[in-house]
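# Structural characterization, general
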Amino acid sequence: MKKGSALFFIMVSFFLAWSVLGWGYSGGFIDLITPIGSQSLGNGGSGIVWGLDSMGLNPAGLAGVENLEVNMGYLNYLNDFKVSRLSIGLPTVWGVFAIDYSVFQSKKWPITTEEEPFGTGEMFFEQDSCLSFGYGRRILKSNIYAGIEIKKVQMKLYKYSSDSILFSFGIRFYNEGLGFGISAENLGGKVKFISEEERIEATYRLGFGLTVFRGKGGDLDILFDMEKRGEATPTFIPGFIFYYGDLINFNAGYRIDDGENGISTGLGFSIKAGRNLHFVLDLVYSDVGVLGEKNGAAISVLW
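Conventions and cut-offs
- Residues numbered from 1 in each chain as written.
- Predicted model: local features only at pLDDT ≥ 70, side-chain atom pairs only at ≥ 80, totals over all residues.
- Heavy atoms only, no water.
- Helix = DSSP H or I, 4+ residues; strand = E, 2+ residues; numbered from the N terminus.
- Buried < 20%, exposed > 50% of the residue type's maximum accessible area, 1.4 Å probe, protein only.
- Contact = heavy atoms within 4.5 Å.
- Areas by Shrake-Rupley, 256 points an atom, 1.4 Å probe, with all protein chains shown as cover.
- Pairing = 2+ DSSP bridges.
- Phe/Tyr/Trp six-rings, centres within 6.5 Å; stacked < 30°, edge-to-face > 60°.
- Lys NZ or Arg CZ within 6 Å of the ring centre and 35° of its normal.
- Polar contact = N/O pair within 3.5 Å; in protein donor to acceptor, adjacent residues only side chain to side chain.
- Salt bridge = Lys/Arg side-chain N within 4 Å of Asp/Glu carboxyl O.

Helix and strand counts for the protein come out as three helices and 18 strands. Going through the 303 residues of the protein one by one, you find that 47% of them count as buried. Once local pairs closer than 6 in sequence are excluded, the contacts in the protein between residues at least 24 apart make up 49%. With an accessible surface of roughly 14900 Å², the protein has 62% of that area assigned to carbon and sulfur atoms.

What follows covers the pairing of strand β13 (residues 218-229). Bridging between strand β12 (residues 203-215) and β13 involves 12 bridges; their strand directions are antiparallel. What sits directly across from Gly 215, in β13, is Gly 218. The loop that links β12 with its antiparallel partner β13 comprises two residues. As paired strands, β13 and strand β14 (residues 235-244) are joined by nine bridges and run antiparallel to one another. Within β14, the position partnered with Asp 225 by the bridge is Ile 237.

Summed over all chains, the structure comprises seven aromatic pairs. Pairwise contacts between aromatic rings join Trp 50, Tyr 145 and Tyr 174 into one cluster. The side chain of Arg 172 reaches across the aromatic face of Trp 50, ending 4.5 Å from its centre.

Our focus in this paragraph is the environment of Tyr 174. Here Tyr 174 shows up in strand β8 (residues 160-175). On the basis of relative accessible area, Tyr 174 is assigned to the buried category, the value being 19%. Contact partners of Tyr 174, with chain neighbours within four places excluded, come to Gly 47, Ile 48, Trp 50, Asn 143, Tyr 145, Gly 179, Thr 211 and Arg 214. A polar atom in the side chain of Tyr 174 sits 3.5 Å from the backbone nitrogen of Gly 177.

On to the side chain of Ser 286, then. Structurally, the position occupied by Ser 286 is in strand β17 (residues 278-287). A residue is classified by how much of its surface remains accessible, and Ser 286, at 1% relative accessible area, is buried. Within the structure, Ser 286 has its side chain in polar contact with the side chain of Ser 264 (distance 2.9 Å).

Let's shift gears to the pattern of salt bridges. Tallied over the full model, the rule gives five salt bridges. The closest approach of N and O atoms between Arg 85 and Asp 100, which form a salt bridge, is 2.3 Å. Placement of Arg 85 in strand β2 (residues 81-92) and of Asp 100 in strand β3 (residues 95-106) is noted, with a sequence separation of 15 residues between them. Neither Arg 85 nor Asp 100 differs from the other in exposure class; each is buried. A salt bridge links Glu 227 to Arg 205; its shortest N-O distance comes to 3.4 Å. Of this pair, Glu 227 sits in strand β13 while Arg 205 sits in strand β12, placing them 22 residues apart in sequence. The class of Arg 205 is buried, set by a relative accessible area of 3%. Each of the salt bridges in this network shares a partner with another, and the network as a whole consists of Arg 205, Glu 227 and Arg 255.

Below, the structure written as structure tokens:
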């Protein structure tokens, strides 16, 4: 097989994998760089998730950041892909400002041909990055919250790269444990690797959340989201969050779409280290159907 033919075969295979996984022109790699807390709910919770975990989900939830918060996370996907992220949230009298930098990396595969079966010396890989600026706040003294994100995305595939600017908006009604959220993610972006330019498909979410139980045994929130991207079949995400005091929380979500159903779970631990300082450790495990699994961890520092 000629070198060019081998490279063409690899690229076609990779783009087919993109379509199966929901990446590529759908902008779905951005779904993989959402925070660990969102991952543990199957990227559900747009009506009830607060804080830095709402970035990439519904920026209105940024209004829930009450202290200076720094979050660092790592996600392993199918053993061949890694996601690293750093997020910072700062509450002010004008609202909450946030910044997030995430990097998505694949392993490197050597390119081989019949003439050079041990490798040509070139490597095939993918590396994407996303720098996000977010803002969220409560609207006056009402039960309505709003937020916005601006994302600078760079996607690199082998020798080719493409940059794009994306916008996200979200709004949420929340009152005494009842929440409704609407968000539009990744608006306005386009990608161009070689010659043809394609629009990145936006993702729209509608979410509902309700606190169904509060007591000495803990608090239980249930949620239900609908996610729609382009012409793809809508994805439905039921789930729940169980809080045992301020120490432990357990999350679970199940993605129901056009065949790649999968469950996501997460466990969080809060450790107080002083009067105003405490740490939060989050763990996540998700089943991605026939494709495998993803797992990761994140640590947050709040003061």
